[in-house]
Each structure stands twice: as C-alpha cells, then as structure tokens.
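Secondary and tertiary structure notes
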Amino acid sequence: MSATKTDKILGEVLSELSAGKFGIPGDRFITTRDLAFRKTISLKTAFHVIEGLRDAGVIRKKGRDYRIIRLTPPQSRENSRMLLGFLATYLESPYFAKLACHAEEFAHSIGASLIIASSNYDFKKECERLKMFCRQGVSGIMICPWASTPEEEQFYNTLDVPYVMLGRRLKTLECDTVLVNSQKAAQEMAEHLVSQGIREFAYIGQAGKQNDQRLLGFRAGLLEHGFFLPDERIIQLDYNSPAKCRAGIAGLLRKKRNGRLGIFCYHDLFATRAVNLCHELGISVPEDVAVAGFDDLPVASEIYPPLTTVSYPVRDIARIAFETLYTRIKFHTLDTGICRYLDSRLVIRKSTVIQDRDIKM
C-alpha cells in the first residue's frame, strides 16, 4: 500500500512539475518536509517521492538542496514504444478533431504514439474500435463514450487496459473522468435567454443521447425563473441526416407563437443549421428567434449573426485526460473513479441579443 501511495504522489508531482507549479529549470525544489506538508504525507513517503523525482531525471542535488533540471522526464525507450488509443465520438466535428489533435500532441511529448478512431455516434462501432485498440497492444485509452444503458456501460469492464473517459460520467462504473460542467453552463444559458425578454423556449438535442446534462441544466435554469420547457419543444436530431435535421428544425419553428422563441442547441453545428434555416424562411435572428449553441467552434464566430455559445478549454481537457492516463499506466496506481471538472463560460454574441438591449445577468 505504501509503494502505491508513493507512486500516486510521484505521478501528481511530475504532472505539477510539467505545468511549472514548482518553478523552472534552475530553481530550487521544495524540501522533503515542505513536500510532506503540501501533500499531507509522512516524511518517509516524501523522501521516497524525492528519490523517484531524482531517478526520473527532473531534479538533481546541488549542495544541500535539490534543483529542478527539467520539467518532464527524459524520453525513454519505454515511452517510445508506448502506444495509446483515442476514441472520439465524431471526428468530423471540429470539437472532437481538436480534442484528438491535442491528445496526439501530449502523447508525442513523451515519445508515445497515438491511434485515433471514431464511433460516429454508434455504440457497436465504439466496441469494435476499442477491441481493435486492445488487439493493437495499446497501453491505455482515452474514450469519449457513447454507451447509453447500464448494460452497455459494462462493456468497458472487459477492457484489459487503463482508460479515462472524456465528456461524460458513467452511471454504473467508477472510472477516471474529465468533464465540463455542462449542466451549470446550460443553466446559465437559460438565465441569459430569460434576461433577453424571451418567454418561449425550445431545445435541439443529439439523437440517441441519454441523460443529456445540457438539457437537464437548461430545463432547471428555466424553472428557476418560472418557465417550463414542454416535451413538444424538445427534439432530438441526427446531424448526419441533413434532410431530417432540416425538417425537424423547420417543424420546431412552425410551432413558434407570437413572441420571441429562444432555441438552445446541444452543439454549435445544430445552432448553425437553425440560424441558416431561419434566414431561408425569412425569420429574423435574433428579433424573432434567438439561437444559442455549445462548444464555441470556429463557425460560431463566422456565421451571421455571430452565435452565442458556451466555451471551455479543450486543450486542458485533453491534457488532464492524458496526464491521468499516463500516470495510471506509468505508476500502476490502483484507485480509480476520480472525476475532474473544468469550468466553462458563456460567450454572448448577436444571435441572442437585440441591439441596444441591456443584458441582465
């Protein structure tokens, strides 16, 4: 148990070193006693961690002190042989493509290779891709999961390598997860739309998505202000079926009554289609329909009017997922189920704000 705890703390300190939290090369590293106090560990454990840092080649003793000589361990032959997997939900989405690129960047930074694949919103394909990764001999996998039932979630238990989930926490499994607080962001979006004088609302979600935290947060945010989102104003669409997607959005727009309609979309791609369809139908955005998305993709600032959306640090998601996975592989830590949340922020643009209207947030 002691060795496992030492490995865990060693992995944490190596991650913090790479982030510059202890200084830069040449700086004095903290003492064994300071490390014990900071990590709430015994002096003996702290001593073993210091030894591990020295053996990893990131600190060196000069006189009575240890000095930082580099922020990450030198690439080793072991790392150069390491193979990792990254499973995205939909690689044609700019969000998942960007996430995969950052994951590849961090893998290459330690001399590892990365295999990238996509499930295309299909759980059976996800299972096939994950099995393929294991056949290829990966040491660990970063997964954007699409399982929607407890039975499907149990599939991940059959994987014989460490894995980290990105974007969604599973209900039935205790596993490492990196999340954006989507529910909180959606509540804030509801508050923003209400502040714009909107009293009629709708939601466009992704077909097959279960336990949609963005929908739950949006509904909760509306209820806080006394507004109810009826089921008939909630639609789930398949972005890969443009004709059906267009028909679904058009049907939603036809249900609009006399006041302004506020539409919150699961992602910016749905929101972009909604804005474009409004233009085709002669519906003014944001005067008649206010449209908001999620992800802050490049298209959000390029369409007209620019799209109100939710932004969050994609690179940090990939970095934390990679560091968590690498630590588990490298130091064989046993505890799992750690969930790390990243905050998001609203990016308010003209698709929801009528010019000269004060924003009440």
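For the structure, check the block above.
Quick caveat, the model's predicted, so the values are computed rather than measured. (Residues numbered from 1 in each chain as written. Predicted model: local features only at pLDDT ≥ 70, side-chain atom pairs only at ≥ 80, totals over all residues. Heavy atoms only, no water.)

What to know about the overall build of the protein
This is how it is decided: Numbered from the N terminus, helices here are DSSP runs of H or I no shorter than four residues, and strands are runs of E no shorter than two. Contact definition: two residues touch when any of their heavy atoms are within 4.5 Å. Computed with a 1.4 Å probe, the accessible areas rest on the Shrake-Rupley method; for each residue, only the protein chains presented here act as cover. In summary, the charge assignment counts Lys and Arg as positive and Asp and Glu as negative, without counting His or the chain termini. Each charge is placed at NZ for Lys, CZ for Arg, CG for Asp and CD for Glu.
Looking only at helices and strands, the protein has 13 helices and 14 strands in total. Dimensions along the principal axes, computed over C-alpha positions, put the protein at roughly 75 × 45 × 30 Å. Counting only contacts in the protein whose residues sit at least 6 apart along the sequence, the fraction spanning at least 24 positions is 69%. Element-wise, carbon and sulfur atoms account for 49% of the exposed surface of the protein, whose accessible area totals about 17200 Å². The distance from the centre of the 50 positive side-chain charges to the centre of the 42 negative ones in the protein is 4 Å.

Regarding the packing of helix H2 (residues 32-39) against helix H3 (residues 43-56)
The condition is simple: The axes used here are C-alpha line fits, helices contributing only the stretch in contact, and every angle between their N-to-C directions lies in the interval 0 to 180 degrees. Reported orientations rely on four angle classes, namely roughly parallel under 35 degrees, roughly antiparallel over 145, roughly perpendicular from 65 to 115, and oblique for the rest. Crossing chirality is assigned from the near helix's rotation relative to the far helix, an anticlockwise turn below a right angle marking it left-handed and a clockwise turn marking it right-handed.
Relative to each other, H2 and H3 sit at 115°, their axes nearing to 8 Å. Taken together, H2 and H3 sit at an angle that is classed as roughly perpendicular. Every pair of crossing elements has a handedness; the one defined by H2 and H3 is right-handed. Taken together, the residues of H3 that come into contact with H2 (itself represented by Thr32, Arg33, Leu35 and Ala36) are Leu43, Ala46, Phe47, Val49 and Ile50.

Notes on the packing of helix H10 (residues 242-254) against helix H11 (residues 268-280)
For the record, the criterion: Side-chain classes follow a simple rule in which Ala, Val, Leu, Ile, Met, Phe, Trp, Tyr, Cys and Pro form the nonpolar group, Asp, Glu, Lys and Arg form the charged group, and the remainder, Gly included, forms the polar group.
Remark: H10 packs on H11, axes separated minimally by 10 Å, with the N-to-C direction vectors making an angle of 65°. For the crossing formed where H10 meets H11, the hand is right-handed. Here H10 contributes Pro242, Cys245, Arg246, Ile249, Ala250 and Leu253 to the contact with H11, which in turn contributes Phe270, Arg273, Ala274, Leu277, Cys278 and Glu280. For the contact of H10 with H11, the class distribution of residues is 9 nonpolar, no polar and 3 charged.

A closer look at the pairing of strand S1 (residues 59-62)
Test applied: Note on pairing: two strands pair once DSSP finds at least 2 bridges between them.
Pairing of S1 with strand S2 (residues 65-68) involves 4 bridges; the strand directions are antiparallel. Note that in S2 the partner of Lys61 across the bridge is Tyr66.

Treat this as a map of the structure, not an account of what it does.
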